[in-house]
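Structural overview
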2 protein chains.
Amino acid sequence: LRLWLDGALVDAAAARIDPADRGFLLGDGLFETMRADGGRVVRLARHLARLRQGAGALGIGLALDDDAIARALETTLEANGQGRGGAALRLTLTRGPGPRGLLPPSDASPTLMIAAFALPPLRPPAQAVIVRGVARNQGSITSRLKGLGYLDNILALREAQAGGSDEALLLNAAGRLACASAANLFLVADGRLLTPPPEEGVLPGITRGRLLELAPTLRIACSERPLEPGAIDAAQEAFVSSSLGLVRPVARIGSRLLPAPGPVTARLTAALLADPG
Amino acid sequence: LRLWLDGALVDAAAARIDPADRGFLLGDGLFETMRADGGRVVRLARHLARLRQGAGALGIGLALDDDAIARALETTLEANGQGRGGAALRLTLTRGPGPRGLLPPSDASPTLMIAAFALPPLRPPAQAVIVRGVARNQGSITSRLKGLGYLDNILALREAQAGGSDEALLLNAAGRLACASAANLFLVADGRLLTPPPEEGVLPGITRGRLLELAPTLRIACSERPLEPGAIDAAQEAFVSSSLGLVRPVARIGSRLLPAPGPVTARLTAALLADPG
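Below is a short write-up of the structure.

Definitions and limits used
Residues numbered from 1 in each chain as written. Chains lettered and ligands numbered in written order. Predicted model: local features only at pLDDT ≥ 70, side-chain atom pairs only at ≥ 80, totals over all residues. Heavy atoms only, no water. Pairing = 2+ DSSP bridges. Helix = DSSP H or I, 4+ residues; strand = E, 2+ residues; numbered from the N terminus. Buried < 20%, exposed > 50% of the residue type's maximum accessible area, 1.4 Å probe, protein only. Contact = heavy atoms within 4.5 Å. Axes fitted to C-alpha atoms, helices over the stretch in contact; angles between N-to-C directions. Disulfide = S-S within 2.5 Å. Buried area = accessible area lost by both parts, 1.4 Å probe. Salt bridge = Lys/Arg side-chain N within 4 Å of Asp/Glu carboxyl O. Polar contact = N/O pair within 3.5 Å; in protein donor to acceptor, adjacent residues only side chain to side chain.

1. Here we look at the sheet that holds strand β6 (residues 111–117) of chain B
All names here are of chain B. Spatially, β2-β1-β6-β5-β3-β4 is the arrangement adopted by the six strands of the open sheet, whose pairing is antiparallel. A single partner strand is all that each edge strand has here, and the edge strands are β2 (8–11) and β4 (40–41). Sheet analysis places strand β3 (residues 29–37) next to strand β5 (residues 87–94), joined by eight bridges and oriented antiparallel. Within β5, the residue paired with Thr-33 across the bridge is Arg-90.

2. Re the side chain of A:Arg248
Residue and element names in this part refer to chain A. Structurally, the position occupied by Arg-248 is in strand β14 (residues 246–253). On the basis of relative accessibility, which here comes to 8%, the residue Arg-248 falls in the buried class. If sequence neighbours within four positions are ignored, Arg-248 has contacts with Arg-123, Pro-124, Pro-125, Ala-126, Asp-166, Glu-167, Phe-239 and Val-240.

3. What to know about the sheet that holds strand β4 (residues 40–41) of chain A
All names here are of chain A. Taken in spatial order, the six strands line up as β2-β1-β6-β5-β3-β4 in an open sheet, and their pairing is antiparallel. Edge positions in the open sheet fall to β2 (8–11) and β4, since each of these has one partner strand only. Here strand β3 (residues 29–37) pairs with β4 via two bridges, running antiparallel. Bridging across to β4, Ala-36 finds its partner in Val-41. Here helix α3 (residues 66–79) sits on the sheet in contact with β1 (2–5), β2, β3, β4, β5 (87–94) and β6 (111–117), set at roughly 40° to β6.

4. Some words on the state of the cysteines
Every disulfide links exactly two cysteines, by a covalent bond between their sulfur atoms. In total, this model carries zero disulfides over all chains according to the counting rule given. You can see A:Cys222 has no disulfide; the closest cysteine sulfur is in A:Cys179, sitting 19 Å from it.

5. Examining the interface of chain B and chain A
With 60 residues of chain B at the contact, the number on the chain A side is 60 residues. For the pairing of chain B and chain A, the buried interface totals around 4,600 Å² over both sides, and the portion due to carbon and sulfur atoms is 66%. When the buried area of chain B at its contact with chain A is split by residue, B:Phe24, B:Arg100 and B:Leu102 rank highest and sum to 17% of it. Here chain B is connected to chain A by zero salt bridges. Between chain B and chain A we count 25 residue pairs in polar contact (both at pLDDT 80 or more) in total. Put simply, the parts of the chain that give the side of chain B that touches chain A at least two residues each are α1 (22–26), β3, α2 (44–58), β5, β6 and α4 (151–162) of chain B. If you tally residues by element for the side of chain B that touches chain A, the top one is α4(B), at eight residues.

The structure is reproduced here in structure tokens:
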């Protein structure tokens, strides 16, 4: 495994993150997970726009322009023999090393790391459950950023697994539906596609955003709106979306069984796979 | 600077955090910040109990017993010439390296790092403001754990600073008072000490806990209870508490000026400084 780290390819076994890196000490950074198909990064421009917006919100400088990041991603894929196949890419941006304390140094030198992995295997439809130990925090801007702090998500997935499920659905602090452990949540009710808006404590996923654009072209009406947990009982289909997993049907939420995939989910999946991105 | 890292002292300039460490990638870990006075770690047993409880909640193994951790802290202090003076210690525990994805490997090998720093200088009374961009998430167990994800806290302090203050007060998702950027919040109203309980999205600070024990011995009544922001208007004193800063009076919250320190704050500060811990 070879990593791209601060401008150079390095063997992962030798690559060093500084123990004073604020990404390590304080979760002071962001990441993007991307899918490469045939050596091409899917919806790259959107990922980079989100990264740049998040970096701006945190005040983290991003020295490379989009072309340079695209080249670094390509270089990483090729260095790992994934220049032509499918791969999972993770780009990590942190504020870099700093002295003790919360306040960043004025001369921070951000850390930028890219790693490439084999694509995870396609998983069967999700067995999901609403978890209770953690909640999405719609009162914080960080709930709409892909920050490094994923402890809530990890605990959510562990709670789901402990109860015999393999995906977690998280409520927000107001008790409304927010998202899955590392994916966005969609319901289909009476033929209409429903998903909570970012203001509900939801990361604006790249695949989510593209699905909301594709649905109208398929004459599938869609609404971004707050969803009470009871919306699940009224839904005929459910799926989660992510950049790596694309669309994953949900076959069960708690005790409610759902067709997986249902007809609307199947049409959206086909449209997404055919989308040049 | 020499660090204690996974069982050995290493030069910070050479110490390496694995780029696959889940602390770095996902904030999957905990930390403790401790104060050493005269080479002795203040309230060490309480810090280690909290660390152990948090590690249990996350399912992170902690191979060392309390005595071994105490020796590692002492070794780190001595290696940095702080064996007899005052120092700030930071212990970081992560789940260690793992493959891509949220789920921890079953054979995770946790990372344990200890760093020692000079004590930060005593700061003047805080100029505080209630920030709006972030909120404490009382719906998540992680709001009561000292997890690595401090992005909300960083953004809170940046927001305060941008507005000309030097400390941030955070509300929780229900709009009630929670804490400061990296400290607990206390108000004094009609001679009574008030602070929100952990259920409000508050880290149960070690100094906070000790203050709640000391107050009754000084015949200062105290209550842990939810506090609306309006409680500030009814308060005659306010201070924040932390393991490094101990008690820091608050001289201003928004436009409200307060005596800093007020008489109750002064008595509690004196009691805390005299406390063997």
